[in-house]
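Summary of the model geometry
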Amino acid sequence: MIEIVETDAGTARITWHRAKKARLVLAVSHGAGGGIEARDLQALAQALPADGVSVALVEQPWRVAGKKVAPAPKTLDTGWRGIWPALAGMALPVISGGRSAGARVACRTAAELGAHAVLALSFPLHPPGRPEKSRADELLGAGVPTLVVQGGNDPFGKPAEFPEGDFALAEVPYGDHGFAVPKRAEITQERALEIVTGAVREWVESLG
């Protein structure tokens, strides 16, 4: 089911993958360089409804409008705030999430929106090759239970680069920023996505 939502940043779009008996909503948005067709977002949308988790794949207004470049973080946050009432309207706890830039939005807005938890897929800890430009404060400031799922070879921050903090971290071996694994890797692409969905599933269970 597709839901169109008007926000102060423009028209957003939610593609719902509903659970038959939902107990939670997981809302995830895309990064700055792609859409909801991302392999990890699609894998979660297929896997989690069977566990009672309705998955909402959120397309930010700039993406719906067909633009190629994401706007400033402030505008992304405005778009996310605008779709929140549609997510919270199910009267269920909402896990706020996203991949890359979408993960940063989820972290920045979690406390004010009353998110149940945050799922950060491929959190861009720093620009590639620029570890001094850390965004760790956004992650550490989420203020709610947080899971980071990070590729072992992510140029935006490898798992070992993350600071100590009040969050859980699951590594996808060999994975890049999009969780793609090279053919020579000891795991298949299918297995990499199973690690993503398995880590999220286990974490969601731990939230109670």
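Residues numbered from 1 in each chain as written. Predicted model: local features only at pLDDT ≥ 70, side-chain atom pairs only at ≥ 80, totals over all residues. Heavy atoms only, no water.

With that out of the way, let us pick up the sheet that holds strand S3 (residues 24–29). Across the sheet, 8 strands lie side by side as S1-S2-S4-S3-S5-S6-S7-S8; this open sheet has mixed pairing. The sheet terminates laterally at strand S1 (2–7) and strand S8 (168–172), the two strands that pair on one side only. Adjacent strand axes in the sheet meet at a mean angle of 20° when their direction is disregarded. Relative to S8, strand S7 (residues 146–151) runs parallel, the two sharing 5 bridges. In the sheet register, Val-149 faces S8, and the bridge partner there is Ala-170. Taken strand by strand, helix H1 (residues 39–47) contacts strand S2 (10–17), S3, strand S4 (53–59), strand S5 (94–99) and strand S6 (117–121), and its axis lies near 150° from that of S4. The strands touched by helix H3 (residues 73–88) are S1, S2, S3, S4 and S5; relative to S1, the strand with the most contacts, the crossing angle is about 135°. (Pairing = 2+ DSSP bridges. Helix = DSSP H or I, 4+ residues; strand = E, 2+ residues; numbered from the N terminus. Axes fitted to C-alpha atoms, helices over the stretch in contact; angles between N-to-C directions. Contact = heavy atoms within 4.5 Å.)

So, on to the pattern of salt bridges. Applying the stated rule across the entire model yields 11 salt bridges. As a salt-bridge pair, Glu-59 and Arg-13 come within 2.9 Å of each other at their nearest N and O atoms. Within this pair, whereas Glu-59 is found in strand S4, its partner Arg-13 is found in strand S2, the two being separated by 46 residues in sequence. Overall, the relative accessible area of 10% leaves Glu-59 in the buried class. (Salt bridge = Lys/Arg side-chain N within 4 Å of Asp/Glu carboxyl O. Buried < 20%, exposed > 50% of the residue type's maximum accessible area, 1.4 Å probe, protein only.)

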